[in-house]
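# Examination of the molecular architecture
Given next are the chains, with one letter for each unit.
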Amino acid sequence: MEKMAAVILAAGEGKRMKSQLPKVLHPICGRPMLEHVIEAAKSICSEIIVVVGHKGEEVKNFFADTVFYAEQKEQLGTAHAVMQAKSLLPAKGSVLILCGDTPLLTAETLQGLLQTFKETEAAATILSARVPDPYGYGRIIRDASGNVQKIVEEKDADSKERAVTEINTGTYLFEVNYLRRALSEVNNDNAQREYYLTDCIALILQYGGIVNTHLLSDYRLALGVNDRLQLAEAQQLMQERINRQLMEAGVTLIDPKSTYVDAGVQVSQDTILMPQTFLKGETRIGSGCVIGPNTEITDCRIGDGVVIRHSVATGCIIADKVTVGPYAHLRPETELKTGVKIGDFVEIKKSSLGSGSKVAHLAYIGDAQVGQDVNIGAGAIVVNYDGQNKHQTIIGDEAFIGCNSNLVAPVKIGKGAFVAAGSTIARDVPEGALAIERTQQVNKDGLARRFLEKKAAKNDESRQEKE
Ligand code: UD1
Ligand code: CA
């Protein structure tokens with residue numbers, strides 16, 4: 001790949017979003033829309049320059065040193081924005097210009113644009129699209145023989161120009177010297193008093209450069225996000241694209257419309273995603289799993305043959321053949337080894353469970369290191385917090401933790417030890433020992449029977465009174 005630069009315009013305020021967050025940081029399928037644009041640009045460019053302005057610090061914090069930045073202090077228009085990147089542009093060759101708010105453009109589209117640009121030896125190639133409703137976009141104006149003449153913005157267009165349905169997507173390839181010359185001559189003599197990048201087109205034609213278009217095959221990919229309605233539309237289109245790729249790769253989606261998978265999430269073959277499943281962040285899921293319904297998984301690494309139903313998991317490592325849920329909550333730094341079973345209403349935080357261990361119902365495990373084949377009964381609680389500090393609990397292999405017991409950390413339960421139900425354990429239990437901590441049971445002979453007889457007599461009396 002030749003060293004081509006891309007300039008991505010992202011300095012605008014995005015007023016119509018009505019948001020505290022800079023427009024280009026609004027996420028679509030889990031990633032800021034600008035990140036999608038950067039990813040696409042990287043397919044044909046090795047150097048990415050982002051023009052930042054409004055809330056530029058936030059944008060820079062997010063992308064850090066993965067790209068170069070140019071600053072546009074005042075937002076005086078798209079040509080003015082490109083001008084701020086002038087010193088970073090190469091001395092010769094071509095430059096790709098994109099808007100930070102067109103997140104659906106694909107690598108294939110940009111490759112097609114580059115091909116047209118090269119084959120025609122153009123000074124500028126515009127990525128255009130034919131749309132059913134061109135409102136708001138710049139229109140591509142052609143002469144009688146079909147050659148591009150100029151781009152006219154909505155606000156500057158006359159009624160005839162407004163009727164044109166071929167629009168400028170805001171993505172272009174320029175020969176850099178033509179671009180430099182045009183930028184130095186663009187004025188702001190228009191309805192918005194802005195320096196329009198689109199005016200460079202007519203100027204380049206005046207200089208004798210070749211200008212043409214590359215038509216987008218699917219106009220929906222040109223969608224520019226200016227408000228929350230378009231944000232939702234972009235989200236839906238991107239989700240459809242991701243879901244289609246998953247299905248093509250051998251993943252079953254029972255209901256693609258209600259399955260939400262972030263860009264970059266990996267799912268292997270023969271895994272089934274049930275409705276209302278959300279897979280987010282850096283999640284990787286193996287093959288032959290069943291995930292959902294109603295499940296939210298964020299930043300997890302999940303092995304093969306895992307079943308997770310009606311549950312929430314964040315930042316966990318889950319090995320093969322683990323079953324989770326319904327209604328489990330797995331919190332960050334939880335590691336479940338092969339074949340672990342986590343049942344209903346179980347919460348696990350920052351703990352590891354060895355292979356074959358079971359926490360089948362109603363339990364809390366926090367800051368614990370649990371060995372293999374351990375059985376933790378219903379209602380068992382690891383008391384990991386003393387109000388000030390968190391403490392560790394260690395449970396050895398094959399230990400048995402009875403129902404409703406409390407393990408008060410820091411505490412160690414030895415290998416194969418047995419904690420009797422209802423015990424509050426605050427001292428270590430040696431390997432193989434039985435720990436029981438309960439008060440003595442007292443049985444009062446006949447007391448229950450007498451109680452019942454009294455009750456029956458009372459009922460008889462009240463019935464007689466009513467008669
Ligand atoms: C622009 C194009 C229009 C095209 C449309 C495609 C111009 C004049 N118009 O219109 O032909 O159909 O995109 O979506 O170029 N920006 C800056 N600095 C500025 C102004 C804008 O960085 O001073 C950035 C914005 O953050 C945004 C991009 O440039 O990412 C486009 O700006 P926007 O105001 O959304 O332009 P449109 O009116 O959509
Ligand atoms: Ca726009």
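Residues numbered from 1 in each chain as written. Chains lettered and ligands numbered in written order. Predicted model: local features only at pLDDT ≥ 70, side-chain atom pairs only at ≥ 80, totals over all residues. Heavy atoms only, no water.

### Brief notes about the overall build of the protein chain
Each helix and strand in the protein chain was counted, giving nine helices and 39 strands. Taken over C-alpha atoms, the radius of gyration comes to 32 Å for the protein chain, far larger than the 23 Å a tight globule of 467 residues would show. By principal-axis analysis of the C-alpha atoms, the protein chain measures approximately 110 × 65 × 45 Å. Considering only contacts in the protein chain between residues 6 or more positions apart, those separated by 24 or more positions represent 41%. Within the structure as shown, the protein chain displays about 23,400 Å² of accessible surface, and the carbon and sulfur contribution to it stands at 49%. (Helix = DSSP H or I, 4+ residues; strand = E, 2+ residues; numbered from the N terminus. Rg over C-alpha atoms; globule rule 2.2 N^0.38 Å. Contact = heavy atoms within 4.5 Å. Areas by Shrake-Rupley, 256 points an atom, 1.4 Å probe, with all protein chains shown as cover.)

### Digging into the nonpolar core
In terms of nonpolar packing, the biggest core is built from 98 residues, with L96, L336, I342 and I413 touching the most fellow members. Taken together, domain 1 (3–222) and domain 2 (250–435) each give at least three residues to this core, which thus spans both. Excluding its chain neighbours within four sequence positions, the residues that come into contact with I413 are I394, I395, G396, A399, I401, L407, V419, I425 and V429. One finds I126, F174, I201 and Y207 within the second-largest nonpolar core, a separate group that totals 34 residues. (Core = buried A, V, L, I, M, F, W, Y, C linked by side-chain atoms within 4.5 Å. Buried < 20%, exposed > 50% of the residue type's maximum accessible area, 1.4 Å probe, protein only. Domains from an automatic or database assignment.)

### Quick look at the domain arrangement of the protein chain
Here the protein chain is described as being made up of domain 1 (3–222) and domain 2 (250–435). Put simply, the middle of domain 1 and the middle of domain 2, counted by C-alpha atoms, are 49 Å apart. Taken residue by residue, the interface counts four residues in domain 1 and four residues in domain 2. With both sides pooled, the region where domain 1 packs onto domain 2 buries about 270 Å², and carbon together with sulfur makes up 49% of that total. When residues of domain 1 are sorted by the area they lose upon contact with domain 2, C29, G30 and R31 head the list and together hold 93% of the total. (Buried area = accessible area lost by both parts, 1.4 Å probe.)

### Some words on the coordination of the calcium ion (ligand 2)
Looking at the calcium ion (ligand 2), one finds its protein donor set to be D101 (OD) and N226 (OD1), positioned 2.6 to 2.7 Å from the metal centre. One end of the pair, D101, is in the loop between β6 (94–99) and α4 (107–119); the other, N226, is in the loop between β11 (211–215) and α8 (228–248), and 125 residues separate them in sequence. We classify D101 as buried; its relative accessible area is 14%. Classification of N226 by relative accessible area gives buried; the value is 17%. (Donors = N, O, S within 2.8 Å, 3.2 Å for Na, K, Ca; no water.)

### What about the pattern of salt bridges?
Under the criterion given, the structure shown has 14 salt bridges. With its nearest N and O atoms 2.8 Å apart, the salt bridge here joins E154 to R139. One end of the pair, E154, is in the loop between β9 (148–152) and α5 (159–162); the other, R139, is in strand β8 (residues 139–142), and 15 residues separate them in sequence. Grouping residues by exposure puts E154 and R139 together as buried. (Salt bridge = Lys/Arg side-chain N within 4 Å of Asp/Glu carboxyl O.)

### Some thoughts on the packing of aromatic side chains
The final tally for this structure, using the stated rule, is five aromatic pairs. Measuring from ring centre to ring centre gives 4.7 Å for Y260 and F278, while their planes differ by 15°; the resulting arrangement is stacked. In this pair, Y260 sits in strand β13 (residues 259–261) while F278 sits in strand β16 (residues 277–280), placing the two residues 18 residues apart along the sequence. Relative accessible area serves as the criterion here: at 30%, Y260 is assigned to the partly exposed category. Note on Y327 and F345: the rings are 5.4 Å apart at their centroids and 15° apart in plane angle, and the pair reads as stacked. Here Y327 is found in the loop between β24 (323–324) and β25 (329–330), whereas its partner F345 is found in strand β27 (residues 341–349), with 18 residues between them in sequence. Given the relative accessible area of 45%, Y327 is considered partly exposed. Between R181 and the ring centre of Y207, over which it is positioned, the NZ or CZ distance is 3.7 Å. Sitting over the face of the ring of Y385, K390 holds its NZ or CZ atom 5.1 Å from the ring centroid. (Phe/Tyr/Trp six-rings, centres within 6.5 Å; stacked < 30°, edge-to-face > 60°. Lys NZ or Arg CZ within 6 Å of the ring centre and 35° of its normal.)

### Focus on the sheet that holds strand β36 (residues 411–413)
On the basis of which strands lie adjacent, the open sheet formed by nine strands has the order β14-β17-β20-β23-β26-β28-β30-β33-β36 and parallel pairing. This sheet does not close on itself; its edge strands, each paired only once, are β14 (266–267) and β36. One ladder, built from two bridges, connects β14 with strand β17 (residues 284–285); its direction is parallel. Its bridge partner being in β17, Q266 is matched across the sheet by R284. (Pairing = 2+ DSSP bridges.)

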